Amino acid sequence: MNRRQALSLMAAPAVMAAPRRPNILYVMTDDHVPRAMSCYGNTILKTPNFDRIANEGCRFDNAFCTNSLCAPSRASVLTGTYSHVNGIIGNSEGADNIEKLDAKLPTYPQVLRQNGYRTAMIGKWHLSHDPVGFDYHCILPGQGLYFDPVFIEQGQKKQMKGYCTDITTDIALGWLKQKDTKPWCLVYQHKSPHRPFQPAPRHAKLLNDVTLPHPATYDDDYATRKLSREAEDMKFDISLEPDYKDLPKGLSAREKKDWIYQRFVKDYYRAAYGVDENLGRVLEYLDQTGQAENTVVIYSSDNGFFLGDYGWYDKRFMYEPSLRIPLMIRYPALFGGGKVEKRFALNIDYAPTILDLAGIKVPGTMQGRSLKPLLEGKPPSNWRKSMYYTYYEDSWRLRGKGKEAMADPSFQYFTPHRVSPHRGVRTERHKLIHYFSENNYWELFDLASDPNELKNVYDDKAYASVRADLTKELARLRKEYRNT
Ligand SMILES: [Ca+2]
(Lines give C-alpha, C1' and ligand atoms only; values in the text may rest on other atoms or scores of the structure.)
Protein backbone atom coordinates (compact mmCIF):
# COMPACT_ATOMS: atom_id res chain seq x y z
CA MET A 1 0.00 0.00 0.00
CA ASN A 2 1.47 3.33 -0.96
CA ARG A 3 1.16 6.50 1.07
CA ARG A 4 -1.69 7.90 -1.06
CA GLN A 5 -3.80 4.75 -0.68
CA ALA A 6 -3.14 4.73 3.08
CA LEU A 7 -4.24 8.37 3.36
CA SER A 8 -7.40 7.72 1.38
CA LEU A 9 -8.31 4.83 3.69
CA MET A 10 -7.73 6.99 6.74
CA ALA A 11 -9.97 9.65 5.24
CA ALA A 12 -12.73 7.17 4.45
CA PRO A 13 -14.72 7.35 7.74
CA ALA A 14 -15.02 11.15 7.50
CA VAL A 15 -16.23 10.90 3.91
CA MET A 16 -18.81 8.27 4.81
CA ALA A 17 -20.21 10.11 7.85
CA ALA A 18 -23.73 11.43 7.24
CA PRO A 19 -23.57 15.06 6.13
CA ARG A 20 -25.08 17.56 8.50
CA ARG A 21 -28.63 18.29 7.47
CA PRO A 22 -29.14 21.85 6.32
CA ASN A 23 -31.27 24.42 8.08
CA ILE A 24 -34.10 25.79 5.94
CA LEU A 25 -35.07 29.46 5.79
CA TYR A 26 -38.10 29.83 3.54
CA VAL A 27 -38.85 33.51 2.95
CA MET A 28 -42.01 34.55 1.15
CA THR A 29 -43.58 37.93 0.47
CA ASP A 30 -47.03 38.73 -0.83
CA ASP A 31 -47.60 39.89 -4.43
CA HIS A 32 -43.92 40.71 -4.93
CA VAL A 33 -42.76 40.69 -8.56
CA PRO A 34 -39.23 39.92 -9.78
CA ARG A 35 -39.01 43.16 -11.77
CA ALA A 36 -39.27 45.18 -8.53
CA MET A 37 -35.79 43.96 -7.46
CA SER A 38 -32.43 45.12 -8.70
CA CYS A 39 -31.20 41.53 -9.09
CA TYR A 40 -33.96 41.03 -11.67
CA GLY A 41 -33.12 44.23 -13.52
CA ASN A 42 -34.96 47.03 -11.71
CA THR A 43 -32.77 50.12 -12.18
CA ILE A 44 -34.73 52.44 -9.89
CA LEU A 45 -35.10 50.52 -6.63
CA LYS A 46 -31.92 49.05 -5.16
CA THR A 47 -32.53 45.88 -3.15
CA PRO A 48 -29.14 44.82 -1.75
CA ASN A 49 -30.38 41.92 0.35
CA PHE A 50 -32.60 40.28 -2.25
CA ASP A 51 -29.60 40.72 -4.54
CA ARG A 52 -27.35 39.00 -2.00
CA ILE A 53 -29.38 35.78 -2.20
CA ALA A 54 -29.26 35.90 -6.01
CA ASN A 55 -25.54 36.76 -6.17
CA GLU A 56 -24.53 34.20 -3.57
CA GLY A 57 -26.90 31.57 -4.91
CA CYS A 58 -29.12 30.87 -7.90
CA ARG A 59 -31.65 33.19 -9.54
CA PHE A 60 -34.46 31.47 -11.43
CA ASP A 61 -35.53 33.56 -14.42
CA ASN A 62 -38.57 31.49 -15.31
CA ALA A 63 -40.33 30.75 -12.03
CA PHE A 64 -44.12 30.64 -12.18
CA CYS A 65 -47.02 30.29 -9.77
CA THR A 66 -49.64 27.70 -10.64
CA ASN A 67 -52.67 29.78 -9.51
CA SER A 68 -51.99 33.50 -9.10
CA LEU A 69 -53.70 34.13 -5.79
CA CYS A 70 -52.59 34.31 -2.14
CA ALA A 71 -54.18 31.36 -0.35
CA PRO A 72 -54.01 28.86 -3.26
CA SER A 73 -50.35 29.60 -3.85
CA ARG A 74 -49.52 29.10 -0.16
CA ALA A 75 -51.35 25.75 -0.16
CA SER A 76 -49.43 24.72 -3.30
CA VAL A 77 -46.09 25.67 -1.75
CA LEU A 78 -46.80 23.74 1.47
CA THR A 79 -48.08 20.57 -0.16
CA GLY A 80 -46.31 20.62 -3.53
CA THR A 81 -49.66 20.17 -5.27
CA TYR A 82 -52.04 21.99 -7.61
CA SER A 83 -55.10 23.75 -6.20
CA HIS A 84 -57.60 21.14 -7.42
CA VAL A 85 -55.62 18.50 -5.49
CA ASN A 86 -55.12 20.35 -2.20
CA GLY A 87 -58.60 21.93 -2.12
CA ILE A 88 -57.64 25.62 -1.83
CA ILE A 89 -58.77 26.97 -5.17
CA GLY A 90 -59.68 30.53 -4.08
CA ASN A 91 -59.17 33.09 -1.32
CA SER A 92 -62.45 32.28 0.46
CA GLU A 93 -62.41 33.79 3.92
CA GLY A 94 -64.79 34.44 6.80
CA ALA A 95 -68.39 33.52 6.07
CA ASP A 96 -67.37 32.22 2.66
CA ASN A 97 -64.80 29.99 4.21
CA ILE A 98 -65.73 26.67 2.65
CA GLU A 99 -62.37 25.63 1.29
CA LYS A 100 -60.22 23.33 3.40
CA LEU A 101 -56.71 22.17 2.77
CA ASP A 102 -56.80 18.39 2.39
CA ALA A 103 -55.43 17.26 5.76
CA LYS A 104 -54.28 13.95 4.27
CA LEU A 105 -51.65 15.73 2.18
CA PRO A 106 -48.27 15.99 3.89
CA THR A 107 -46.73 19.47 3.97
CA TYR A 108 -42.98 20.01 3.84
CA PRO A 109 -42.76 21.48 7.40
CA GLN A 110 -44.70 18.48 8.72
CA VAL A 111 -42.36 16.02 7.01
CA LEU A 112 -39.29 17.92 8.21
CA ARG A 113 -40.63 17.87 11.76
CA GLN A 114 -41.29 14.14 11.59
CA ASN A 115 -37.65 13.80 10.53
CA GLY A 116 -36.20 15.63 13.49
CA TYR A 117 -36.39 19.26 12.46
CA ARG A 118 -37.45 22.10 14.75
CA THR A 119 -40.04 24.09 12.76
CA ALA A 120 -41.69 27.50 13.00
CA MET A 121 -44.20 29.51 10.98
CA ILE A 122 -43.90 33.27 11.51
CA GLY A 123 -45.82 36.04 9.72
CA LYS A 124 -48.51 35.84 7.05
CA TRP A 125 -50.19 32.46 6.88
CA HIS A 126 -53.50 33.21 5.10
CA LEU A 127 -55.06 29.77 5.21
CA SER A 128 -58.38 29.16 6.95
CA HIS A 129 -57.04 26.63 9.46
CA ASP A 130 -54.27 27.01 12.05
CA PRO A 131 -50.77 25.99 10.98
CA VAL A 132 -50.06 22.27 11.23
CA GLY A 133 -46.60 20.70 11.44
CA PHE A 134 -44.87 23.44 13.41
CA ASP A 135 -43.33 23.45 16.88
CA TYR A 136 -44.11 27.14 17.04
CA HIS A 137 -46.33 29.54 15.15
CA CYS A 138 -46.94 33.25 15.39
CA ILE A 139 -49.11 34.36 12.49
CA LEU A 140 -51.19 37.26 11.26
CA PRO A 141 -54.93 36.61 11.22
CA GLY A 142 -56.07 36.69 7.55
CA GLN A 143 -54.41 39.56 5.70
CA GLY A 144 -53.16 41.21 8.91
CA LEU A 145 -52.32 44.89 9.35
CA TYR A 146 -49.21 46.91 8.50
CA PHE A 147 -49.32 48.97 11.69
CA ASP A 148 -49.81 47.71 15.24
CA PRO A 149 -50.92 44.29 14.00
CA VAL A 150 -52.47 41.52 16.05
CA PHE A 151 -50.54 38.25 15.85
CA ILE A 152 -51.76 34.82 16.89
CA GLU A 153 -49.06 33.10 18.88
CA GLN A 154 -49.73 29.41 19.49
CA GLY A 155 -53.48 30.10 19.26
CA GLN A 156 -53.42 33.19 21.53
CA LYS A 157 -54.10 36.71 20.22
CA LYS A 158 -51.28 39.13 20.87
CA GLN A 159 -51.52 42.87 20.19
CA MET A 160 -48.19 44.19 18.86
CA LYS A 161 -46.87 47.75 18.46
CA GLY A 162 -44.96 48.89 15.42
CA TYR A 163 -44.55 48.05 11.74
CA CYS A 164 -45.52 44.55 10.62
CA THR A 165 -42.37 43.75 8.59
CA ASP A 166 -40.12 44.75 11.51
CA ILE A 167 -42.21 42.81 14.03
CA THR A 168 -42.32 39.67 11.87
CA THR A 169 -38.51 39.81 11.73
CA ASP A 170 -38.12 40.46 15.46
CA ILE A 171 -40.20 37.35 16.19
CA ALA A 172 -38.26 35.32 13.62
CA LEU A 173 -34.89 36.35 15.08
CA GLY A 174 -36.16 35.64 18.59
CA TRP A 175 -37.06 32.10 17.56
CA LEU A 176 -33.76 31.56 15.76
CA LYS A 177 -31.87 32.60 18.88
CA GLN A 178 -33.43 29.83 20.98
CA LYS A 179 -30.83 27.21 21.78
CA ASP A 180 -31.42 23.81 20.22
CA THR A 181 -29.26 21.15 18.62
CA LYS A 182 -31.77 20.09 15.96
CA PRO A 183 -31.63 21.44 12.42
CA TRP A 184 -34.33 24.04 11.95
CA CYS A 185 -36.87 25.15 9.37
CA LEU A 186 -38.21 28.68 9.61
CA VAL A 187 -41.12 29.69 7.39
CA TYR A 188 -40.75 33.48 7.45
CA GLN A 189 -43.56 35.09 5.48
CA HIS A 190 -44.32 38.78 5.09
CA LYS A 191 -47.58 40.59 4.54
CA SER A 192 -45.70 43.19 2.53
CA PRO A 193 -46.02 44.40 -0.20
CA HIS A 194 -49.73 43.43 -0.33
CA ARG A 195 -52.34 46.11 -0.86
CA PRO A 196 -52.98 48.59 0.81
CA PHE A 197 -49.32 49.36 0.11
CA GLN A 198 -48.13 50.95 3.37
CA PRO A 199 -44.41 51.54 3.81
CA ALA A 200 -42.64 51.98 7.14
CA PRO A 201 -42.59 55.70 8.06
CA ARG A 202 -38.81 55.72 7.59
CA HIS A 203 -39.30 54.75 3.93
CA ALA A 204 -42.26 57.02 3.19
CA LYS A 205 -40.18 59.46 1.15
CA LEU A 206 -38.00 56.93 -0.67
CA LEU A 207 -38.03 57.65 -4.46
CA ASN A 208 -39.87 60.94 -3.87
CA ASP A 209 -37.73 62.74 -6.44
CA VAL A 210 -38.16 60.03 -9.10
CA THR A 211 -40.80 59.84 -11.84
CA LEU A 212 -41.42 56.19 -12.62
CA PRO A 213 -41.70 55.22 -16.28
CA HIS A 214 -44.97 53.64 -17.41
CA PRO A 215 -44.99 49.99 -18.44
CA ALA A 216 -45.28 49.39 -22.20
CA THR A 217 -48.88 48.18 -21.85
CA TYR A 218 -50.05 51.05 -19.60
CA ASP A 219 -52.57 52.30 -22.20
CA ASP A 220 -53.69 48.93 -23.54
CA ASP A 221 -56.89 49.07 -25.60
CA TYR A 222 -57.52 45.29 -25.18
CA ALA A 223 -58.32 45.17 -28.91
CA THR A 224 -57.97 41.40 -29.30
CA ARG A 225 -58.69 40.27 -25.72
CA LYS A 226 -62.40 40.46 -25.01
CA LEU A 227 -62.24 39.35 -21.37
CA SER A 228 -59.42 41.76 -20.56
CA ARG A 229 -61.58 44.56 -21.92
CA GLU A 230 -64.42 43.48 -19.64
CA ALA A 231 -62.20 43.22 -16.51
CA GLU A 232 -63.06 46.77 -15.45
CA ASP A 233 -62.33 46.14 -11.77
CA MET A 234 -58.71 45.36 -12.59
CA LYS A 235 -58.09 48.96 -13.65
CA PHE A 236 -55.98 50.59 -10.99
CA ASP A 237 -57.21 54.13 -11.65
CA ILE A 238 -60.78 53.01 -10.91
CA SER A 239 -60.22 50.50 -8.13
CA LEU A 240 -57.42 52.18 -6.16
CA GLU A 241 -58.87 55.71 -6.17
CA PRO A 242 -60.71 55.19 -2.83
CA ASP A 243 -57.36 54.30 -1.19
CA TYR A 244 -55.99 57.81 -1.75
CA LYS A 245 -57.77 60.44 0.30
CA ASP A 246 -55.09 62.98 -0.63
CA LEU A 247 -55.71 62.64 -4.38
CA PRO A 248 -55.74 66.26 -5.64
CA LYS A 249 -59.14 67.60 -6.72
CA GLY A 250 -59.93 68.74 -10.24
CA LEU A 251 -57.62 66.38 -12.14
CA SER A 252 -58.55 65.09 -15.60
CA ALA A 253 -59.04 61.34 -15.92
CA ARG A 254 -55.55 61.06 -17.45
CA GLU A 255 -53.91 63.15 -14.73
CA LYS A 256 -55.68 61.10 -12.08
CA LYS A 257 -54.46 57.83 -13.60
CA ASP A 258 -50.88 59.10 -13.73
CA TRP A 259 -51.00 60.43 -10.14
CA ILE A 260 -52.34 57.14 -8.75
CA TYR A 261 -49.79 55.17 -10.77
CA GLN A 262 -46.81 57.05 -9.31
CA ARG A 263 -48.20 56.77 -5.82
CA PHE A 264 -49.20 53.13 -5.73
CA VAL A 265 -46.08 51.77 -7.43
CA LYS A 266 -43.80 53.87 -5.22
CA ASP A 267 -45.62 52.73 -2.09
CA TYR A 268 -45.35 49.14 -3.33
CA TYR A 269 -41.58 49.59 -3.85
CA ARG A 270 -41.22 51.22 -0.43
CA ALA A 271 -43.13 48.41 1.32
CA ALA A 272 -40.98 45.81 -0.47
CA TYR A 273 -37.86 47.75 0.47
CA GLY A 274 -38.81 47.25 4.12
CA VAL A 275 -38.67 43.49 3.52
CA ASP A 276 -35.25 43.78 1.87
CA GLU A 277 -33.93 45.69 4.87
CA ASN A 278 -35.35 43.19 7.36
CA LEU A 279 -34.17 40.20 5.36
CA GLY A 280 -30.71 41.76 5.66
CA ARG A 281 -30.99 41.47 9.45
CA VAL A 282 -31.72 37.75 9.19
CA LEU A 283 -28.90 37.12 6.68
CA GLU A 284 -26.53 38.98 8.95
CA TYR A 285 -27.60 36.84 11.89
CA LEU A 286 -26.82 33.69 9.88
CA ASP A 287 -23.37 35.14 9.09
CA GLN A 288 -22.66 36.09 12.71
CA THR A 289 -23.63 32.68 14.03
CA GLY A 290 -21.72 30.77 11.35
CA GLN A 291 -24.90 29.22 9.95
CA ALA A 292 -24.89 30.75 6.46
CA GLU A 293 -22.90 27.93 4.84
CA ASN A 294 -25.26 25.18 5.97
CA THR A 295 -28.58 27.01 5.62
CA VAL A 296 -30.75 26.81 2.52
CA VAL A 297 -32.28 30.25 1.95
CA ILE A 298 -35.21 30.35 -0.45
CA TYR A 299 -36.84 33.61 -1.46
CA SER A 300 -40.12 33.74 -3.35
CA SER A 301 -43.52 35.38 -3.49
CA ASP A 302 -46.97 33.80 -3.58
CA ASN A 303 -47.89 35.31 -6.94
CA GLY A 304 -47.01 38.05 -9.43
CA PHE A 305 -48.75 41.38 -9.84
CA PHE A 306 -49.80 43.95 -12.43
CA LEU A 307 -47.97 47.16 -11.54
CA GLY A 308 -49.85 49.31 -14.03
CA ASP A 309 -49.35 46.72 -16.79
CA TYR A 310 -52.47 46.74 -19.04
CA GLY A 311 -53.64 49.66 -16.89
CA TRP A 312 -54.22 47.17 -14.04
CA TYR A 313 -53.28 46.31 -10.51
CA ASP A 314 -53.73 42.86 -8.83
CA LYS A 315 -53.02 39.41 -10.33
CA ARG A 316 -55.19 36.33 -11.25
CA PHE A 317 -54.76 36.37 -15.05
CA MET A 318 -52.22 34.02 -16.59
CA TYR A 319 -50.44 36.94 -18.25
CA GLU A 320 -46.71 37.22 -17.56
CA PRO A 321 -46.67 39.99 -14.89
CA SER A 322 -49.07 37.96 -12.74
CA LEU A 323 -47.69 34.50 -13.57
CA ARG A 324 -44.01 35.22 -12.92
CA ILE A 325 -42.64 35.03 -9.39
CA PRO A 326 -39.19 35.68 -7.99
CA LEU A 327 -37.21 32.64 -6.93
CA MET A 328 -33.71 32.73 -5.54
CA ILE A 329 -32.02 29.89 -3.65
CA ARG A 330 -28.76 30.10 -1.73
CA TYR A 331 -27.02 27.08 -0.23
CA PRO A 332 -23.26 27.57 -0.16
CA ALA A 333 -22.57 24.02 1.10
CA LEU A 334 -24.00 22.66 -2.17
CA PHE A 335 -23.22 25.23 -4.90
CA GLY A 336 -21.48 28.51 -5.56
CA GLY A 337 -23.05 31.89 -6.28
CA GLY A 338 -23.87 33.83 -9.42
CA LYS A 339 -25.91 31.03 -10.94
CA VAL A 340 -28.82 31.86 -13.27
CA GLU A 341 -31.30 29.15 -14.17
CA LYS A 342 -33.63 29.56 -17.17
CA ARG A 343 -35.46 26.24 -16.93
CA PHE A 344 -39.06 26.41 -15.73
CA ALA A 345 -39.57 26.24 -11.97
CA LEU A 346 -43.02 26.11 -10.35
CA ASN A 347 -44.20 26.88 -6.84
CA ILE A 348 -45.21 23.20 -6.46
CA ASP A 349 -41.47 22.40 -6.76
CA TYR A 350 -40.52 24.11 -3.50
CA ALA A 351 -41.72 21.38 -1.10
CA PRO A 352 -39.97 18.52 -2.94
CA THR A 353 -36.84 20.68 -3.31
CA ILE A 354 -36.68 21.44 0.41
CA LEU A 355 -37.16 17.79 1.38
CA ASP A 356 -34.64 16.62 -1.21
CA LEU A 357 -32.04 19.12 0.04
CA ALA A 358 -32.67 17.84 3.57
CA GLY A 359 -32.05 14.28 2.36
CA ILE A 360 -35.64 13.19 3.03
CA LYS A 361 -37.74 11.06 0.70
CA VAL A 362 -40.32 13.17 -1.15
CA PRO A 363 -43.90 11.91 -0.53
CA GLY A 364 -45.64 10.55 -3.62
CA THR A 365 -48.50 13.03 -3.17
CA MET A 366 -46.27 15.93 -4.22
CA GLN A 367 -46.72 16.87 -7.88
CA GLY A 368 -43.73 19.20 -8.20
CA ARG A 369 -40.14 18.19 -8.92
CA SER A 370 -37.04 18.79 -6.86
CA LEU A 371 -34.92 21.65 -8.19
CA LYS A 372 -31.82 20.17 -6.53
CA PRO A 373 -30.41 18.67 -9.77
CA LEU A 374 -30.64 22.11 -11.41
CA LEU A 375 -28.87 23.74 -8.46
CA GLU A 376 -26.11 21.13 -8.64
CA GLY A 377 -25.66 21.69 -12.36
CA LYS A 378 -27.01 18.22 -13.23
CA PRO A 379 -30.28 19.05 -15.02
CA PRO A 380 -32.32 15.98 -16.02
CA SER A 381 -32.75 15.70 -19.79
CA ASN A 382 -36.51 15.36 -19.34
CA TRP A 383 -36.97 18.63 -17.43
CA ARG A 384 -40.35 20.25 -18.18
CA LYS A 385 -40.65 22.38 -21.30
CA SER A 386 -44.17 23.55 -20.57
CA MET A 387 -46.11 24.59 -17.49
CA TYR A 388 -49.75 24.23 -16.49
CA TYR A 389 -51.76 27.04 -14.88
CA THR A 390 -55.23 27.23 -13.34
CA TYR A 391 -57.35 30.03 -11.88
CA TYR A 392 -60.78 29.31 -10.40
CA GLU A 393 -61.74 31.91 -7.89
CA ASP A 394 -65.40 32.26 -8.80
CA SER A 395 -65.99 28.56 -9.35
CA TRP A 396 -66.82 27.84 -5.72
CA ARG A 397 -69.67 30.35 -5.88
CA LEU A 398 -71.14 28.28 -8.67
CA ARG A 399 -70.53 24.96 -6.97
CA GLY A 400 -73.68 22.94 -6.60
CA LYS A 401 -75.70 25.50 -8.54
CA GLY A 402 -75.68 23.47 -11.74
CA LYS A 403 -75.22 24.31 -15.36
CA GLU A 404 -78.07 26.83 -15.45
CA ALA A 405 -76.07 29.07 -13.08
CA MET A 406 -73.06 28.83 -15.37
CA ALA A 407 -75.27 29.92 -18.26
CA ASP A 408 -76.82 32.80 -16.31
CA PRO A 409 -75.35 36.04 -17.72
CA SER A 410 -75.47 37.66 -14.26
CA PHE A 411 -72.74 35.22 -13.19
CA GLN A 412 -70.48 36.42 -15.96
CA TYR A 413 -69.52 39.36 -13.78
CA PHE A 414 -70.11 37.79 -10.41
CA THR A 415 -66.42 37.23 -9.97
CA PRO A 416 -63.91 39.12 -7.83
CA HIS A 417 -62.10 41.54 -10.13
CA ARG A 418 -64.20 40.13 -12.99
CA VAL A 419 -61.48 37.68 -13.90
CA SER A 420 -63.06 34.59 -15.33
CA PRO A 421 -61.77 31.12 -14.34
CA HIS A 422 -59.23 29.80 -16.80
CA ARG A 423 -56.53 27.27 -17.39
CA GLY A 424 -53.61 27.37 -19.71
CA VAL A 425 -50.27 26.14 -20.88
CA ARG A 426 -47.08 28.11 -21.36
CA THR A 427 -44.10 26.88 -23.34
CA GLU A 428 -40.85 28.77 -23.99
CA ARG A 429 -42.41 30.43 -27.03
CA HIS A 430 -46.22 30.34 -26.71
CA LYS A 431 -49.12 30.56 -24.32
CA LEU A 432 -52.62 29.16 -24.71
CA ILE A 433 -55.38 30.21 -22.29
CA HIS A 434 -58.85 28.66 -22.04
CA TYR A 435 -61.55 30.61 -20.19
CA PHE A 436 -63.77 27.63 -19.64
CA SER A 437 -66.77 29.33 -18.04
CA GLU A 438 -67.00 32.02 -20.71
CA ASN A 439 -68.47 29.95 -23.51
CA ASN A 440 -65.01 28.59 -24.23
CA TYR A 441 -63.14 31.78 -24.94
CA TRP A 442 -59.54 31.14 -25.96
CA GLU A 443 -56.37 33.20 -26.25
CA LEU A 444 -53.09 32.31 -27.93
CA PHE A 445 -49.94 34.42 -27.74
CA ASP A 446 -46.59 34.24 -29.50
CA LEU A 447 -44.22 35.40 -26.77
CA ALA A 448 -41.33 35.77 -29.21
CA SER A 449 -43.01 38.35 -31.43
CA ASP A 450 -45.44 39.63 -28.78
CA PRO A 451 -43.83 39.37 -25.31
CA ASN A 452 -46.42 41.73 -23.83
CA GLU A 453 -49.30 39.47 -24.90
CA LEU A 454 -51.29 42.15 -26.66
CA LYS A 455 -52.20 40.23 -29.80
CA ASN A 456 -54.43 37.20 -29.44
CA VAL A 457 -53.67 35.00 -32.46
CA TYR A 458 -56.02 32.15 -31.56
CA ASP A 459 -58.03 32.62 -34.77
CA ASP A 460 -55.02 33.47 -36.95
CA LYS A 461 -54.64 30.73 -39.62
CA ALA A 462 -50.85 31.12 -39.53
CA TYR A 463 -50.95 29.70 -35.99
CA ALA A 464 -53.23 26.74 -36.73
CA SER A 465 -50.58 24.10 -36.08
CA VAL A 466 -49.26 25.87 -32.94
CA ARG A 467 -52.82 26.03 -31.68
CA ALA A 468 -53.35 22.33 -32.33
CA ASP A 469 -50.08 21.38 -30.61
CA LEU A 470 -50.79 23.50 -27.55
CA THR A 471 -54.37 22.25 -27.28
CA LYS A 472 -52.93 18.74 -27.17
CA GLU A 473 -50.29 19.75 -24.63
CA LEU A 474 -52.91 21.35 -22.40
CA ALA A 475 -54.91 18.13 -22.44
CA ARG A 476 -51.77 16.13 -21.64
CA LEU A 477 -50.94 18.35 -18.65
CA ARG A 478 -54.50 18.15 -17.33
CA LYS A 479 -54.19 14.40 -17.40
CA GLU A 480 -50.72 14.39 -15.85
CA TYR A 481 -51.89 16.53 -12.94
CA ARG A 482 -55.22 14.68 -12.65
CA ASN A 483 -57.33 17.75 -13.40
CA THR A 484 -59.84 16.36 -15.84
CA1 LIG B 1 -50.61 37.33 -2.85
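Residues numbered from 1 in each chain as written. Predicted model: local features only at pLDDT ≥ 70, side-chain atom pairs only at ≥ 80, totals over all residues. Heavy atoms only, no water.

Quick notes on the coordination of the calcium ion
Thinking step 1. Taken together, Asp30 (OD), Asp31 (OD), Cys70 (SG), Asp302 (OD), Asp302 (OD) and Asn303 (OD1) make up the protein donors of the calcium ion, found 2.2 to 2.8 Å from the metal.
Thinking step 2. Considering all 6 donor atoms around the calcium ion, angles at the metal cover 50 to 156° and the coordination shape is irregular. (Donors = N, O, S within 2.8 Å, 3.2 Å for Na, K, Ca; no water. Tetrahedral: all angles 85-135°; square planar, octahedral: opposite > 155°, others 65-115°.)

Description of the sheet that holds strand β5 (residues 136–140)
Thinking step 1. Taken together, 10 strands build an open sheet; the order of strands is β7-β6-β5-β4-β8-β1-β9-β10-β2-β11 and the sheet is mixed. Looking at strand neighbours, the two that pair on one side only are β7 (156–159) and β11 (339–341), the edges of this open sheet. Across the sheet, the mean angle from the axis of one strand to that of its neighbour is 15°, orientation sign disregarded.
Thinking step 2. Alignment of strand β4 (residues 118–124) against β5, held across 5 bridges, turns out to be parallel. (Pairing = 2+ DSSP bridges. Helix = DSSP H or I, 4+ residues; strand = E, 2+ residues; numbered from the N terminus. Axes fitted to C-alpha atoms, helices over the stretch in contact; angles between N-to-C directions.)

A look at the confidence of the model for the protein chain
Thinking step 1. For the protein chain, per-residue confidence averages 92 on the pLDDT scale, and 90% of positions sit at 70 or higher.
Thinking step 2. Throughout residues 11–15 the model reports pLDDT below 50, and contacts reaching past four residues in sequence, or to other chains, amount to 0 contacts. (pLDDT = per-residue confidence, 0-100. Contact = heavy atoms within 4.5 Å.)

Quick word on unusual backbone geometry
Thinking step 1. A cis amide bond, omega -5°, links Ser192 with the succeeding residue Pro193.
Thinking step 2. If you trace the backbone, Pro193 turns up in the loop between β8 (184–189) and α7 (226–230).
Thinking step 3. Residue Pro196 is bonded to the preceding Arg195 through a cis peptide linkage, with omega at -5°.
Thinking step 4. Within the secondary structure, Pro196 sits in the loop between β8 and α7.
Thinking step 5. Even without being glycine, Asp314 reaches a positive phi, approximately 70°.
Thinking step 6. The topology assignment puts Asp314 in the loop between β9 (295–301) and α10 (320–323).

Thoughts on the packing of helix α6 (residues 164–176) against helix α9 (residues 253–288)
Thinking step 1. At a minimum axis distance of 9 Å, the contact between α6 and α9 shows a crossing angle of 10°. The pairing of α6 with α9 is recorded here as roughly parallel in orientation. Between α6 and α9 lies a crossing of right-handed hand. For the pair formed by α6 and α9, the contact residues are Thr165, Asp166, Thr169, Asp170, Leu173 and Leu176 on the first element and Gly274, Val275, Asn278, Arg281, Val282 and Tyr285 on the second.
Thinking step 2. Looking at the contact of α6 with α9 residue by residue, the classes come out as 5 nonpolar, 4 polar and 3 charged. (Parallel < 35°, antiparallel > 145°, perpendicular 65-115°, else oblique. Left-handed = near helix turned anticlockwise from the far one by under 90°. Nonpolar A, V, L, I, M, F, W, Y, C, P; charged D, E, K, R; others polar.)

Thoughts on the side chain of Glu473
Thinking step 1. Mapped onto the fold, Glu473 is located in helix α15 (residues 464–480).
Thinking step 2. A distance of 2.9 Å separates polar atoms of two side chains, one belonging to Glu473 and the other to Arg476.
Thinking step 3. Those residues in contact with Glu473 that lie beyond four places of it in its chain are Ser386 and Val425. (Polar contact = N/O pair within 3.5 Å; in protein donor to acceptor, adjacent residues only side chain to side chain.)

A few points about the environment of Lys266
Thinking step 1. In this structure, Lys266 sits in helix α9.
Thinking step 2. For the pair Lys266 and Leu206, spaced 60 residues apart in sequence, the C-alpha separation works out to 8.0 Å.

Focus: the pattern of salt bridges
Thinking step 1. Inspection of the entire model under this criterion finds 41 salt bridges.
Thinking step 2. Here Arg330 makes a salt bridge to Glu56, at a shortest N to O gap of 2.7 Å. With Arg330 in strand β10 (residues 327–330) and Glu56 in helix α2 (residues 48–56), this residue pair connects regions lying 274 residues apart in the sequence.
Thinking step 3. On the accessibility criterion, Arg330 (1% relative accessible area) is buried. (Salt bridge = Lys/Arg side-chain N within 4 Å of Asp/Glu carboxyl O. Buried < 20%, exposed > 50% of the residue type's maximum accessible area, 1.4 Å probe, protein only.)

With respect to the nonpolar core
Thinking step 1. If you look at the biggest cluster of nonpolar residues, it comprises 45 residues, and the most contacted ones within it are Tyr26, Phe60, Tyr108, Leu112 and Leu327.
Thinking step 2. Here this core gets 5 residues from one element, more than from any other, and that element is helix α11 (residues 350–357).
Thinking step 3. Residues in contact with Tyr26, not counting those within four places in the same chain, are Val77, Tyr108, Leu186, Val187, Tyr188, Gln189, Ile298, Ser300, Tyr350 and Ile354.
Thinking step 4. Within the second largest apolar cluster, 39 residues are counted, among which are Tyr222, Ala231, Tyr310 and Met318. (Core = buried A, V, L, I, M, F, W, Y, C linked by side-chain atoms within 4.5 Å.)

Quick notes on α11
For an α-helix the count is 3.6 residues per turn, leaving residues at separations of three or four pointing the same way.
Thinking step 1. In terms of burial, α11 is a largely internal element, 7 of the 8 residues being buried.
Thinking step 2. When α11 is considered as a whole, its buried residues turn out to be Tyr350, Ala351, Pro352, Thr353, Ile354, Leu355 and Leu357.
Thinking step 3. Backbone geometry just downstream of α11 places Gly359 in the positive-phi region, at approximately 75°.

A few points about the packing of aromatic side chains
Thinking step 1. Summed over the entire model, instances satisfying the criterion amount to 33 aromatic pairs.
Thinking step 2. For the pair Tyr218 and Tyr261, a centre-to-centre distance of 5.2 Å together with 80° between the ring planes defines the contact as edge-to-face. Here Tyr218, found in the loop between β8 and α7, pairs with Tyr261, found in helix α9; they are 43 residues apart in sequence, far enough to count as distant.
Thinking step 3. What makes Tyr218 buried here is its relative accessible area of 2%.
Thinking step 4. On the accessibility criterion, Tyr261 (4% relative accessible area) is buried.
Thinking step 5. Their ring planes at 80° and their centres at 5.9 Å tell us that Tyr319 and Phe445 sit as a pair that is edge-to-face. Remark: Phe445 occurs in strand β16 (residues 441–446) and Tyr319 occurs in the loop between β9 and α10; sequence separation between them is 126 residues.
Thinking step 6. The exposure class assigned to Tyr319 is buried, which follows from its relative accessible area of 0%.
Thinking step 7. Residue Phe445 is classed as buried on the basis of its relative accessible area, which comes to 0%. (Phe/Tyr/Trp six-rings, centres within 6.5 Å; stacked < 30°, edge-to-face > 60°.)

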